[in-house]
Amino acid sequence: MKQLVITILGQDRPGLVESISSVILENHGNWLSSNLSHLLGHFAGIIQIEVSEEHFQALQNALNALPKLDVRIETGDTEIEPATREQLNFVITGNDRPGIVQELASVIRHKGANITHLNSRQQSAPNWGVPIFSAVATVTLPNGLNKEEVINALESITSDLIVDVEKV
């Protein structure tokens, strides 16, 4: 079986996920995993599927024929991360400002860790007078790195940043 990563971007509309999933099923693909979002009226999705080599071209053609969507298909890397690597969810909250995601990503990279999933948003905080940034980042730590080192480095970015940790 061929592992694929499909990214899809376009104007959101009711039934869009059903259309995409129907094309995958009709062309003998198996939907394995996904992250789908609606942002400012647009649909953005990344989907992992598997399909046999014999059905790959038909599936690719059918996905590319979906109307008003930008579809990109990549062959996935089936090499799995070593099980010895620790994964954590960092729950990050603080006052929002330009550059906060870049600062967080830079600290994590400089510690040798890798962000494998990031879900962030800005929300109103009328009692505080400034918008609040919140994020959940799934981070894979390199062998030998203590999670406290990463937490301390993240919290040292600014005094208003709170970092909580959940084991994945």
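About the cut-offs
Residues numbered from 1 in each chain as written. Predicted model: local features only at pLDDT ≥ 70, side-chain atom pairs only at ≥ 80, totals over all residues. Heavy atoms only, no water. Pairing = 2+ DSSP bridges. Helix = DSSP H or I, 4+ residues; strand = E, 2+ residues; numbered from the N terminus. Domains from an automatic or database assignment. Contact = heavy atoms within 4.5 Å.

Visitor: Give a detailed account of the pairing of strand β3 (residues 42–51), specifying residues and quantitative values.
Guide: In the sheet, strand β1 (residues 2–11) pairs with β3 via 10 bridges, with the strands oriented antiparallel. When the bridges of β3 are listed, Ile 8 appears paired with Gly 45. The pairing of strand β2 (residues 30–39) with β3 spans 9 bridges and is classified as antiparallel. Its bridge partner lying in β3, Asn 30 is registered against Glu 50. Counting the residues between successive antiparallel strands, the hairpin from β2 to β3 contains 2 residues, one of them, Leu 40, with a positive phi of roughly 50 degrees.

Visitor: With reference to specific residues and values, describe the domain arrangement of the protein chain.
Guide: According to the domain assignment, the protein chain contains domain 1 (2–75) and domain 2 (87–167). Its C-alpha centre places domain 1 at a distance of 30 Å from the equivalent point of domain 2.

Visitor: I'd like a rundown of the environment of Ile 46, residues and numbers included.
Guide: Counting through the fold element by element, Ile 46 comes out in strand β3. Distance in space between the C-alpha atoms of Ile 46 and Ser 33 is 8.5 Å, their sequence separation being 13 residues. Ignoring anything within four residues of it in the chain, the contact list for Ile 46 reads Val 5, Ile 6, Thr 7, Ser 33, Ser 34, Asn 35 and Leu 36.

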